Amino acid sequence: PLAIALPLLLPVALGAVVGAMFTGIGSKEFQDQISFIFILVTVLGLGGMQLMPILIDERQFMKHEASESLYTEGAAVLASFCVDVPLAFMGAAYQVLATFAISGMDSE
């Protein structure tokens, strides 16, 4: 449960922090809102970098297990893709929702 909850709860916490930094930005002029959008896009873009050490460790295990013929590399990549991509997408969506809700920014 923690392996699934952590990639979903950490972005919500980060979204709450970013949203709290920009509380009330929705009522300001567009020029003032540019910094909010820039920070949000930057945080979302760099969010995947925190997973790199985990992915490198998983690759080492996968290479060792694939060399033992436990499964093929393609099967490991497909399984990892089917789990990691939906979790990353949902985490990013929750982060954006939390950021917009706390900052007071409209979706329009």
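Just above, that's the structure.
Residues numbered from 1 in each chain as written. Predicted model: local features only at pLDDT ≥ 70, side-chain atom pairs only at ≥ 80, totals over all residues. Heavy atoms only, no water.

Asks: Where do I start with the overall build of the protein chain in this structure?
Replies: Across its full length, the protein chain carries 4 helices and 0 strands. In terms of C-alpha radius of gyration, the protein chain reaches 18 Å, well past the compact-globule figure of 13 Å for 108 residues. Principal axes of the C-alpha set define a box for the protein chain whose edges measure 60 × 25 × 20 Å. When the 108 residues of the protein chain are sorted by exposure, 19% land in the buried category. Within the protein chain, counting contacts between residues at least 6 apart in sequence, those at least 24 apart form 74% of the total. Within the structure as shown, the protein chain displays about 7,700 Å² of accessible surface, and the carbon and sulfur contribution to it stands at 72%. (Helix = DSSP H or I, 4+ residues; strand = E, 2+ residues; numbered from the N terminus. Rg over C-alpha atoms; globule rule 2.2 N^0.38 Å. Buried < 20%, exposed > 50% of the residue type's maximum accessible area, 1.4 Å probe, protein only. Contact = heavy atoms within 4.5 Å. Areas by Shrake-Rupley, 256 points an atom, 1.4 Å probe, with all protein chains shown as cover.)

Asks: Explanation requested: the environment of threonine 72 in the structure shown.
Replies: Position of threonine 72 relative to the elements: it lies in the loop between helix 3 (52–67) and helix 4 (73–103). Here threonine 72 falls in the exposed class, since its relative accessible area comes to 52%. At 3.2 Å, the side chain of threonine 72 and the backbone nitrogen of alanine 75 are in polar contact. (Polar contact = N/O pair within 3.5 Å; in protein donor to acceptor, adjacent residues only side chain to side chain.)

Asks: Teacher, can you tell me more about the layout of surface pockets here?
Replies: In this approach a probe as big as a water molecule rolls over the atoms, and the regions it shows empty are the leftover space. In this structure, the largest pocket spans a volume of roughly 700 Å³. The wall of the largest pocket is formed by 24 residues, among which Pro7, Gly47, Gln50, Leu51 and Ala88 lie closest to the centre. Elements that contribute at least two residues to the lining of the largest pocket include exactly helix 1 (2–21), helix 2 (30–46), helix 3 and helix 4. Residue contributions to the lining of the largest pocket peak at 8 residues, all from helix 1. For the lining of the largest pocket, the per-class residue count stands at 17 nonpolar, 5 polar and 2 charged. Looking at the second largest pocket, its volume works out to about 240 Å³. Lining the second largest pocket are Leu55, Glu58, Arg59, Phe61, Met62, Ala76, Val77, Ala79, Ser80 and Phe81. Taken together, the elements giving at least two residues each to the lining of the second largest pocket come down to helix 3 and helix 4. (1 Å grid on protein atoms, 1.4 Å probe; cavity = no way out; pocket = protein on both sides within 12 Å on 5 of 7 lines; lining within 4 Å. Points joined across faces, edges and corners; volume = space filled by probe spheres on them. Nonpolar A, V, L, I, M, F, W, Y, C, P; charged D, E, K, R; others polar.)

Treat this as a map of the structure, not an account of what it does.
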